[in-house]
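Understanding the architecture of this molecule
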Amino acid sequence: QVQLVESGGGLVQAGGSLRLSCAASGSIVSINGMDWYRQAPGKQRELVATITRGGRTNYADSMRGQFTISRDNAKNTVYLQKNSLRPEDTAVYYCHADTVNTPWGINRNIWGQGTLVTVSS
């Protein structure tokens with residue numbers, strides 16, 4: 001069974017930086033697109049950024065220029081970087097994989113459990 005596990009969240013002061021990691025585990029042949037979403041308190045989950053297996057990136061309009069998504073295919077890991085954090089960035093950040101190829105078939109629409117980032121003012 002394929003699982004996604006996020007790490008790197010915690011309490012950060014405004015103006016600080018975050019680097020989140022999401023590692024996929026299990027019998028994985030390859031992973032196609034991977035994404036980061038976030039859900040702020042009392043708000044709906046929203047897309048932050050996506051990255052294809054080939055490294056092509058795309059960002060939600062409101063996130064462009066703030067976040068950087070990257071991945072290491074050899075480690076089955078995707079990263080999210082942001083500098084100059086603001087209290088409005090407080091949210092649970094979720095990792096998502098749209099298609100994971102395993103020796104036994106394709107797993108689709110896989111979510112991590114989320115990691116909480118709290119930005120204090």
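Refer to the structure above for everything that follows.
Owing to the predicted nature of the structure, the values given are computational and were not obtained by experimental measurement.

1. Concerning the pairing of strand β12 (residues 115-120)
Here β12 shows a clear split, with Thr115, Val117 and Val119 buried on one side and none of Leu116, Thr118 and Ser120 buried on the other. The pairing of strand β2 (residues 10-13) with β12 spans four bridges and is classified as parallel. Bridging across to β12, Gly10 finds its partner in Val117.

2. Some thoughts on the nonpolar core
Ranked by internal contacts, the top residues of the largest apolar core, which has 31 residues, are Leu4, Met34, Trp36, Ile69, Val78, Leu80 and Tyr93. Breaking this core down by element, the ones donating at least two residues are β3 (18-25), β5 (34-39), β6 (46-51), β8 (67-72), β9 (77-82), β10 (91-102) and β12. It is β10 that provides the largest number of residues to this core, a total of five residues.

3. A word on the packing of aromatic side chains
Enumeration according to the criterion identifies three aromatic pairs in this entry. Ring geometry for Tyr94 against Trp111: centres 6.5 Å apart, planes inclined by 85°, an arrangement best described as edge-to-face. Here the residue Tyr94 occupies a position in strand β10, and Trp111 occupies one in strand β11 (residues 105-111), the gap between them amounting to 17 residues. Among the aromatic residues, those joined into a cluster by ring pairs are Tyr37, Tyr94 and Trp111. Taking the ring centre of Phe67 as reference, the NZ or CZ of Lys82 above it sits at 5.6 Å.

How each quantity is defined
- Residues numbered from 1 in each chain as written.
- Predicted model: local features only at pLDDT ≥ 70, side-chain atom pairs only at ≥ 80, totals over all residues.
- Heavy atoms only, no water.
- Buried < 20%, exposed > 50% of the residue type's maximum accessible area, 1.4 Å probe, protein only.
- Helix = DSSP H or I, 4+ residues; strand = E, 2+ residues; numbered from the N terminus.
- Pairing = 2+ DSSP bridges.
- Core = buried A, V, L, I, M, F, W, Y, C linked by side-chain atoms within 4.5 Å.
- Phe/Tyr/Trp six-rings, centres within 6.5 Å; stacked < 30°, edge-to-face > 60°.
- Lys NZ or Arg CZ within 6 Å of the ring centre and 35° of its normal.

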